[in-house]
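So the chains spell out like this:
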Amino acid sequence: MNSYRTLWPYLRRHRYRLAAGLAALLWVDFLQLMIPRVTKHAVDQLYSQTATAVSLAWAGLTILALAATIGVFRYVWRRLILGFSRLVEEDLRRRLYAKLLTLPPAWFMARTTGDIMAHATNDMEAIRMAAGLGLVALTDSFLMGAASIGFMAWINGRLTLLALIPMPLVTILTWRLGGLMHRRFRQVQETFGGMTGVVREYLAGIRVIQAHGREDLALADLDRVGRRYVSENVRLTRVSGAFFPLMIMFTNVSLALVLFFGGRMTIFSTISPGDFVAFISYLGLLTWPMMALGWMMDLIQRGAASLDRLNRILEQKPEIRDPDQPQDLIEPFGAVTARGLTFAYPGRPEPVLRDLELVCPAGQVTAIVGPIGAGKSTLLNLIPRLFDPPAGTLFLDGREVGRLRLSDLRGGIGYVPQDGYIFSGTMAENIAFGRPQAGEAEIRAAAKAAQLDDEIMAFPDGYRTIVGERGLTLSGGQRLRLALARAILIDPPLLILDDTFAALDAEAEEKILETLAQARTGRTTIIVSHRLTSLKSAALIHVLENGRVTESGGIEELLARGGYFAHLYHLQSAWLEGLDNHQPLAAGQV
């Protein structure tokens, strides 16, 4: 039951709702227990030939009244208790989502999207069932069972003991199979997460699958994980499915004992025929608690397994959070400084950045170039603390980034990553993501700065056009420019562009750079690019190789040094010259 510690605050918060719901449930159980008493008196009157039409009519009307009252109270408890389970589900889902938003990228890199989605679907459903119907089954299993046994003992204690002979077997079975059911359901949930991840990945990459004609591969892979999921469910069903048949079997054993021994007692007038009929009715009422015991164990174990999985996330301590005594960053200017910065990703011993020394002055454009894997994107991810840099190594406006409030730090940065992620809303909603209160004129101005306004207006719905999941209705260049417009709209003191112009043609790139140069006069911009045409406006260029800055300076200064930058410059210049002359590069020039 330690798994259910997460639900205690909800039990306290909604105690009056639960108390009223449980009271209504108890009234249902009590009224159900009264019906056999009415039946007993009617049967005894018939046996003694003292029954009249009026007495039998009153017995029938009493049972109808009890049934109607039971219906009313049953509606009340279902509304209150099952409603409580929905409230728990809603709040836990909100807590899960809020927690996920605080976890660093490294946490998501170690998990599949499918497993995370399983927490929000199957796990939430299992917890809701345990908090609702599981609570009902728990109450009925003990209270209804105890009350039925009490009325049976009132009629005849010896016959009650005979009827309860199978009960120890029920206890042993519940104890032995409960833990096994808990473990197998946890395996089912983990398998479901893996299957969801495979489906999500193939649906997201459907165009690649179709372009390469590998539908057979996708079907075979999905068939494999689907069969594993079915296999795990069958293993669980072998355990959970045995509860109900065994409960019914034990109940029928009790019924057989009661019919044999209770019938003899009735024949010898030890108990009256009415008592015999009432005893069988109470035994019938005991059938549900015995079945509910198995169902309750199934629900409780499923809920416990899901809560264990959920608690592991809710108890995660965000590695990247506000410092205990944050420094103020009232008016950021965007100057970035790295001093002896060495960084390795979690779980990877080899550092990406090695003793990095770098300065990006405030109010001007700084470019960072270098070969693939040099650490350029890693450095950009460290500035807004998407990953945490070591203490005392990275500074914004002279203040260590780890000592700043995340809201202050990230609020002063506009970041356009390489993938240019687009949400499945409208064009306007995507541009205004960082400033939801922005007006239509401001949104259009940002789109114009990103050279996207004309293309948006060419769509039938203009800025109300739905871009689809991950912006799949847009080209790669349109997605990047949409992400760029989003960053331009917030007009940040520091704008970070990570290879943003890679998917753009030279004309669009040049127009965007000209617009940015005019709009961001006196503001800091950091550009990472492999294309030297993107670096025309850069006042300072840093060359990163193997995690270190190997060259720094302006274009002319770097060309004079004859290093990596000069080599890259001459290579791209030769390529462009070859295009102008319609002559491809020779093999030795590549």
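No experiment lies behind these values; they were computed from the predicted model shown. (Residues numbered from 1 in each chain as written. Predicted model: local features only at pLDDT ≥ 70, side-chain atom pairs only at ≥ 80, totals over all residues. Heavy atoms only, no water.)

> Residue-level account of the overall build of the protein, with values.
When its secondary structure is counted, the protein shows 20 helices and 10 strands. Compactness check: the protein gives a C-alpha radius of gyration of 36 Å against a globular reference of 25 Å for 590 residues, more than 25% above the reference. By principal-axis analysis of the C-alpha atoms, the protein measures approximately 120 × 50 × 50 Å. Considering the protein as a whole, with its 590 residues, one finds that 47% of them fall into the buried category. Here the analysis covers contacts within the protein between residues at least 6 apart in sequence; of these, 78% occur between residues at least 24 apart. When the accessible area of the protein is evaluated, it comes to approximately 29900 Å², of which 60% is carbon and sulfur surface. In the protein, 60 side chains carry a positive charge and 55 a negative one; their mean positions are 12 Å apart. (Helix = DSSP H or I, 4+ residues; strand = E, 2+ residues; numbered from the N terminus. Rg over C-alpha atoms; globule rule 2.2 N^0.38 Å. Buried < 20%, exposed > 50% of the residue type's maximum accessible area, 1.4 Å probe, protein only. Contact = heavy atoms within 4.5 Å. Areas by Shrake-Rupley, 256 points an atom, 1.4 Å probe, with all protein chains shown as cover. Lys, Arg positive; Asp, Glu negative; His and termini not counted. Charge placed at Lys NZ, Arg CZ, Asp CG, Glu CD.)

> If you had to explain the packing of aromatic side chains to someone new, which residues and values would you point to?
In the structure shown here, the tally under the stated rule is 12 aromatic pairs. Centre to centre, the rings of Phe 343 and Tyr 345 are 5.2 Å apart; their planes meet at 80 degrees, and the pair counts as edge-to-face. Per residue, the accessibility class of Phe 343 equals that of Tyr 345, and both read buried. Here the aromatic rings of Tyr 345 and Phe 387 are separated by 5.1 Å at their centres, their planes lie at 80 degrees, and the arrangement is edge-to-face. With Tyr 345 in the loop between strand 1 (336-343) and strand 2 (353-360) and Phe 387 in the loop between helix 12 (376-382) and strand 4 (394-396), this pair connects stretches of sequence that are 42 residues apart. Of the two residues, Tyr 345 and Phe 387, neither departs from the other in class, the shared state being buried. Its guanidinium or amino end placed over the ring of Trp 154, Arg 37 lies 4.7 Å from that ring's centre, counting from NZ or CZ. Looking at Arg 339, its charged tip hangs above the ring of Phe 395, at a distance of 4.3 Å from the centre. (Phe/Tyr/Trp six-rings, centres within 6.5 Å; stacked < 30°, edge-to-face > 60°. Lys NZ or Arg CZ within 6 Å of the ring centre and 35° of its normal.)

> Quick rundown of unusual backbone geometry? Include the residues and the values.
In this structure, Asp 491 takes a positive phi of about 50 degrees despite not being glycine. Structurally, Asp 491 can be placed in the loop between helix 17 (476-490) and strand 7 (494-498). Phi is positive for Asp 499, close to 55 degrees, though the residue is something other than glycine. Residue position: Asp 499 is located in the loop between strand 7 and helix 18 (506-519).

> Mind laying out helix 17, listing which residues take part and the relevant values?
Taking 1.5 Å per residue as the helical rise, helix 17 with its 15 residues ought to reach 21 Å, and the 22 Å between its terminal C-alpha atoms agrees with that figure. Judged by how many residues are buried, helix 17 sits mostly within the fold: 12 of 15 residues are covered. Looking at helix 17, one finds that the buried residues are Gly 477, Gln 478, Leu 480, Arg 481, Leu 482, Ala 483, Leu 484, Ala 485, Arg 486, Ala 487, Ile 488 and Leu 489. Asp 491, located one to two residues past helix 17, shows a positive phi value of around 50 degrees. (Expected span 1.5 Å × (residues − 1).)

> Explain the nonpolar core to me, using residue names and the numbers behind them.
In terms of nonpolar packing, the biggest core is built from 46 residues, with Ile 431 and Phe 565 touching the most fellow members. Here this core gets 7 residues from one element, more than from any other, and that element is helix 17. Among all residues touching Ile 431, those that are not within four sequence positions of it are Ile 443, Ala 446, Ala 447, Ile 456, Tyr 463, Leu 482, Ala 485, Arg 486 and Leu 489. Of all hydrophobic cores here, the second largest spans 42 residues; its members include Leu 18, Ala 131, Phe 192 and Leu 310. (Core = buried A, V, L, I, M, F, W, Y, C linked by side-chain atoms within 4.5 Å.)

> Describe helix 5 (residues 113-131), with residues and values.
Given a rise of 1.5 Å per residue, 19 residues ought to cover 27 Å, and the 26 Å separating the end C-alpha atoms of helix 5 matches this to within 8%. Of all the bends in helix 5, the largest measures some 35 degrees and sits at His 119. For helix 5, a buried count of 14 out of 19 residues is recorded, marking the element as mostly surrounded by other parts of the structure. (Bend = angle between axes of the 7 residues up to and from the residue.)

> Describe the packing of helix 2 (residues 15-47) against helix 3 (residues 53-102), and please don't skip the residues or the numbers.
Each pair of packed helices can be described by the angle between their axes along with the distance between the axes. Where helix 2 meets helix 3, the axes come as close as 8 Å, and the angle between the chain directions of the two elements is 160 degrees. One element, helix 2, and the other, helix 3, form an angle in the roughly antiparallel class. The chirality of how helix 2 crosses helix 3 is left-handed. Residue composition of the contact of helix 2 with helix 3, grouped by class: 25 nonpolar, 8 polar and 3 charged. (Axes fitted to C-alpha atoms, helices over the stretch in contact; angles between N-to-C directions. Parallel < 35°, antiparallel > 145°, perpendicular 65-115°, else oblique. Left-handed = near helix turned anticlockwise from the far one by under 90°. Nonpolar A, V, L, I, M, F, W, Y, C, P; charged D, E, K, R; others polar.)

> I'd like to hear about the confidence of the model for the protein, residue by residue, with values.
Should pLDDT be low for a region, the predicted coordinates there are not to be read in detail. The pLDDT averaged across the protein works out to 82; a share of 93% of its residues lies at or above 70. Contacts of residues 583-590 to residues separated by more than four positions or lying in other chains number 7 contacts, the stretch itself having pLDDT below 50. (pLDDT = per-residue confidence, 0-100.)

> I'd like a description of the pairing of strand 7, backed by residues and values.
Counting buried residues along strand 7, 5 of its 5 residues qualify, which places the element largely inside the surrounding structure. Covered by surrounding structure in strand 7 are Leu 494, Ile 496 and Asp 498 together with Leu 495 and Leu 497, the residues of both alternating faces. Pairing of strand 6 (residues 413-416) with strand 7, which is carried by 4 bridges, proceeds in the parallel orientation. Following the sheet pairing, Val 416 is matched in strand 7 by Leu 497. Where strand 7 meets strand 8 (residues 524-528), 5 bridges bridge the pair, whose relative direction is parallel. Bridge pairing in strand 8 places Asp 498 opposite Val 528. (Pairing = 2+ DSSP bridges.)

> Just give me the short version of a nonpolar patch on the surface, but keep the residues and values in it.
A cluster of nonpolar side chains, contributed by Leu 26, Leu 138, Phe 142 and Leu 143, occupies part of the molecular surface with about 350 Å² of accessible area. Counting residues per element, the nonpolar patch draws most heavily on helix 6 (residues 133-155), which supplies 3 residues. (Patch = residues over 30% accessible without salt bridge, like charges linked within 9 Å, V, L, I, M, F, W, Y side chains within 5 Å. Salt bridge = Lys/Arg side-chain N within 4 Å of Asp/Glu carboxyl O.)

> Hey, could you go over the pattern of salt bridges for me, with residue numbers and the actual values?
What the rule picks out here adds up to 21 salt bridges. Between Arg 309 and Asp 123 there is a salt bridge, with its nearest N and O atoms 2.8 Å apart. Linking Arg 309 in helix 11 (residues 273-314) with Asp 123 in helix 5, this pair joins segments that are 186 residues apart in sequence. Residue class for Arg 309 comes out buried when judged on its relative accessible area of 3%. Owing to a relative accessible area of 1%, Asp 123 belongs among the buried residues under this scheme. Arg 435 is paired through a salt bridge with Glu 442; the nearest N and O atoms lie 2.9 Å apart. Assessed through its relative accessible area of 22%, Arg 435 is described here as partly exposed. Counted as one network, the salt bridges with shared partners bring together Arg 86, Glu 89, Arg 93 and Arg 128.

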